[in-house]
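What follows is the residue order along each chain.
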Amino acid sequence: MPDIVLATSVLAALFVLGLFDVWLPHGDNIDVGTAVVIPALLLTGALPTLVLAAAARVGAHLLRYRLGRLDALASVLARRSAAVALAAVLMQVLGMGPGDATTFASQALVGVAVVAGDLVVGQLAAAARLRQPFTRLILGNTKIQGPLAAAQVSLGVLTAQLHAVVGAWGLVIVIILLLAVRQSFSLLLDIRQAYGATIEALAATIEKCVPERSGHAQRVARLARLVGSGIGIYGDALERLGYAALLHDIELLGADDSVIEGEQGDARRTSASEVLTGVGTLRDVSLILALCDGMVNAEGASHSDRMLAYIVCRASNLDDKLLSPEEWLKARAYGEERMDALLPARERVRIDREFGAILAERASKGTK
């Protein structure tokens, strides 16, 4: 049986931290209580940890949501159970028992197992819900959550190591540190969301200048992201692809009809990336647009950047071809010569196949 003071401290700590989950944009959540689960597992064993974690989570959920979002509660409990089970198996393999004085490295491995089990189960559920590739989701979320996960593992193992000295006060310190880390991570997510929302608002403003282009940037971005996801692009690269697609018409801001229409249209396109010159946070996006505009030598760019530029150009051309008047298509299209400069035909087969599959699926459903 676990020490009653330790058990009560773990229960209280997990209950408090359960009130401060961080919710991600796609509906998943990050439980910041992992740094308490790790020392609880190392000091009391798997079964007491599962009981304490489940009781604390149910209590925090009822206080926060009452009987709402029960699917989220079930998801967190499943993830926590899988994480503790995986770590318990590893402890058996390593010959570790509850409260054993083992090395920091062994305990860190157990902590990593807790984090890995939680992440894998969570992303499997997200992949099924969002109908997106599991590999892309787990790689993308590992990059986002990696620093937070590393901090939780470090704090958890350190708490287990120092428990004999500081006792329950160690969990109090962990709670304070975790809440500070949680707040910083939450602010980072808010900044990222605000950044994305600002770019979307800018894209909408661009189209206000040219009503004929209404919805074009959003459709191109949506198509580009689907294609990128389909061919295995994830994380920052997929984010850059979406931003480049949203901003590929940015030079339309303030443009008059004489610039938008007729033969000057192609000349006007060469200024797209120049609009973003000096915006440090969009430097990578500006490079993609410069490749689309033909303002930089494609041969000197990386294959990844050339591929992203090709997807943006192809998505824009397809949207114009399907939804815009023929005369607009002539003024707006990226020429095949420029497309060939970005990617040779042999490197475009997979991408074009993905475009075809997505467009065919949309046609069968009757959607744009």
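Residues numbered from 1 in each chain as written. Predicted model: local features only at pLDDT ≥ 70, side-chain atom pairs only at ≥ 80, totals over all residues. Heavy atoms only, no water.

Moving on, we get to the overall build of the protein. For the protein, the count of helices and strands is 16 helices and two strands. Relative to its full complement of 368 residues, the protein shows a buried share of 46%. Considering only intrachain contacts with a sequence separation of at least 6, the fraction spanning at least 24 residues in the protein is 70%. Surface exposure of the protein reaches about 17700 Å², of which carbon and sulfur atoms provide 63%. (Helix = DSSP H or I, 4+ residues; strand = E, 2+ residues; numbered from the N terminus. Buried < 20%, exposed > 50% of the residue type's maximum accessible area, 1.4 Å probe, protein only. Contact = heavy atoms within 4.5 Å. Areas by Shrake-Rupley, 256 points an atom, 1.4 Å probe, with all protein chains shown as cover.)

Turning our eyes to something else, we now look at the pattern of salt bridges. Tallying each qualifying case throughout the model produces seven salt bridges. Residue Arg348 is joined to Glu336 by a salt bridge in which the shortest nitrogen-to-oxygen separation is 3.5 Å. Placement of the pair is Arg348 in helix α16 (residues 345–365) and Glu336 in helix α15 (residues 336–342), with a sequence separation of 12 residues. Since its relative accessible area comes to 43%, Glu336 is described here as partly exposed. (Salt bridge = Lys/Arg side-chain N within 4 Å of Asp/Glu carboxyl O.)

Here the focus is the packing of helix α3 (residues 46–65) against helix α4 (residues 70–94). For the pair α3 and α4, interaxial distance at closest approach is 10 Å and the crossing angle is 165 degrees. Looking at the two axes, α3 sits roughly antiparallel to α4. Like other packed secondary-structure pairs, α3 and α4 cross with a definite hand, here right-handed. In this structure, α3 uses Ala46, Thr49, Leu50, Ala53, Ala54, Arg57, Val58 and His61 to contact α4, whose residues at the interface are Leu70, Leu73, Val76, Leu77, Arg80, Ser81, Val84 and Ala88. (Axes fitted to C-alpha atoms, helices over the stretch in contact; angles between N-to-C directions. Parallel < 35°, antiparallel > 145°, perpendicular 65-115°, else oblique. Left-handed = near helix turned anticlockwise from the far one by under 90°.)

With that settled, the discussion passes to the confidence of the model for the protein. Counting all residues, the mean pLDDT for the protein is 80, and 84% of those residues have values of 70 or more. The element-level mean pLDDT for the protein is lowest in helix α11 (residues 264–269), coming to 42, with α3 highest at 93. (pLDDT = per-residue confidence, 0-100.)

Within the largest apolar cluster, 43 residues are counted, with the highest numbers of intra-cluster contacts made by Ile311, Ile351 and Phe355. Of all the secondary structure elements, the ones that give two or more residues to this core are α7 (169–209), α8 (216–230), α9 (235–247), α12 (283–293), α13 (303–323), α15 and α16. Ranked by residues supplied to this core, first place goes to α13 with nine residues. Core analysis: the next-biggest nonpolar cluster, separate from the first, contains 40 residues, Val10, Ala87, Ala108 and Leu178 among them. (Core = buried A, V, L, I, M, F, W, Y, C linked by side-chain atoms within 4.5 Å.)

Taken together, the side chains of Leu158, Leu162, Val165, Val166, Trp169, Val172 and Ile176 define a hydrophobic patch exposed on the protein surface, amounting to about 690 Å² of accessible area. Within the residue set of the nonpolar patch, elements represented by two or more residues are α6 (134–166) and α7. Counting residues per element, the nonpolar patch draws most heavily on α6, at four residues. As for its placement among the helices and strands, Ile176 is situated in helix α7. (Patch = residues over 30% accessible without salt bridge, like charges linked within 9 Å, V, L, I, M, F, W, Y side chains within 5 Å.)

Time to look at the packing of α9 against α12. At a minimum axis distance of 9 Å, the contact between α9 and α12 shows a crossing angle of 60 degrees. Between α9 and α12, the angle is such that the two are oblique. Handedness of the crossing formed by α9 with α12: right-handed. Where α9 approaches α12, its residues Arg240, Tyr243, Ala244 and Leu247 are matched on the opposing element by Asp284, Val285, Ile288 and Leu289. By residue class, the composition of the contact of α9 with α12 is six nonpolar, no polar and two charged. (Nonpolar A, V, L, I, M, F, W, Y, C, P; charged D, E, K, R; others polar.)

It is worth spelling out α8 at this point. Side chains that are three or four residues apart share a direction in an α-helix, a result of its 3.6 residues per turn. Spanning 15 residues, α8 covers 21 Å between terminal C-alpha atoms, matching the ideal 21 Å at 1.5 Å per step. Positive backbone phi, approximately 100 degrees, marks Gly232, located one or two places after α8. (Expected span 1.5 Å × (residues − 1).)

Turning next to the packing of aromatic side chains. Applying the stated criterion across every chain yields a total of zero aromatic pairs. Across from the ring centre of Tyr65, 5.1 Å away, lies the NZ or CZ of Arg69, which sits over that ring. (Phe/Tyr/Trp six-rings, centres within 6.5 Å; stacked < 30°, edge-to-face > 60°. Lys NZ or Arg CZ within 6 Å of the ring centre and 35° of its normal.)

α12 sits mainly inside the fold: eight of its 11 residues count as buried. All buried positions along α12 are accounted for by Val285, Ser286, Ile288, Leu289, Ala290, Leu291, Cys292 and Asp293. Gly294, located one to two residues past α12, shows a positive phi value of around 75 degrees.

The next subject is the environment of Gly242. Summarising the element assignment, Gly242 is placed in helix α9. The buried category is assigned to Gly242, whose relative accessible area is 1%. Not counting chain neighbours up to four residues away, the residues in contact with Gly242 comprise Ala221 and Arg225.

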